[in-house]
Amino acid sequence: MAGTVEQKLASQGITLHEPPNPVANYVPFVRSGNLLFVSGQVCFGADGKLIAKGKLGAGVTIEQGAAAARGCAINLLAQVKAALGDLDKVARVVRLGGFVNSAPDFLDGPKVLNGASDLMVAAFGDKGRHSRSTVGVAALPADAAVEVEGVFEVA
């Protein structure tokens, strides 16, 4: 039976899919003590296709970018579940780091990353409130619009 966090996600129409395997020489997550570091997740949907492709401010809207960031957050949670077996073992979302594939004059990266931040708060309540940084970048793997990494305190 799914835990409380997964039930909360399911009530919002979100189910966690099998997380993707790394495409290079790294692991999807590392646990050190009570911290779980999850590698950057690009905005692949459950169907394996990018939720948004290209640059924010040059063809990709803020709304599309926020949806992509939300997809990245779902992928993060799928990795957390793979690492822990149960999302209820998350004591706190500590930090998210977001990378936004941006046109040179795009300045609204934080609005894009709200898609990921809002999902963490929706899933974990106050335990989902976290520190965050957002960085505009020239390119991301597969021309993904967004990539998000995370640090979680775990029980």
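Quick caveat, the model's predicted, so the values are computed rather than measured.

Chemist: Before we go on, may I ask you to explain the packing of helix α1 (residues 4–11) against helix α3 (residues 109–124) in this structure?
Modeler: For any two helices packed against each other, the geometry is given by the interaxial angle and the distance between the axes. Remark: α1 packs on α3, axes separated minimally by 8 Å, with the N-to-C direction vectors making an angle of 120°. Regarding the angle of α1 to α3, the classification is oblique. Residues V5, K8 and L9 of α1 pack against L119, A122, A123 and F124 of α3. Classifying every residue of the contact of α1 with α3 gives six nonpolar, no polar and one charged.

Chemist: Just checking my understanding: could you explain the pairing of strand β2 (residues 35–42) for this structure?
Modeler: Within a regular strand, side chains alternate between the sheet's two faces. When strand β1 (residues 29–32) meets β2, the two strands line up antiparallel, connected through four bridges. Within β2, the residue paired with F29 across the bridge is V38. Linkage of β1 to β2, two consecutive antiparallel strands, is achieved through a turn of two residues, within which G33 is found at a positive phi near 60°. Pairing of β2 with strand β7 (residues 146–154) involves six bridges; the strand directions are antiparallel. Within the sheet, the bridge partner assigned to Q41 lies in β7 and is V148.

The rules we used
Residues numbered from 1 in each chain as written. Predicted model: local features only at pLDDT ≥ 70, side-chain atom pairs only at ≥ 80, totals over all residues. Heavy atoms only, no water. Axes fitted to C-alpha atoms, helices over the stretch in contact; angles between N-to-C directions. Helix = DSSP H or I, 4+ residues; strand = E, 2+ residues; numbered from the N terminus. Parallel < 35°, antiparallel > 145°, perpendicular 65-115°, else oblique. Contact = heavy atoms within 4.5 Å. Nonpolar A, V, L, I, M, F, W, Y, C, P; charged D, E, K, R; others polar. Pairing = 2+ DSSP bridges.

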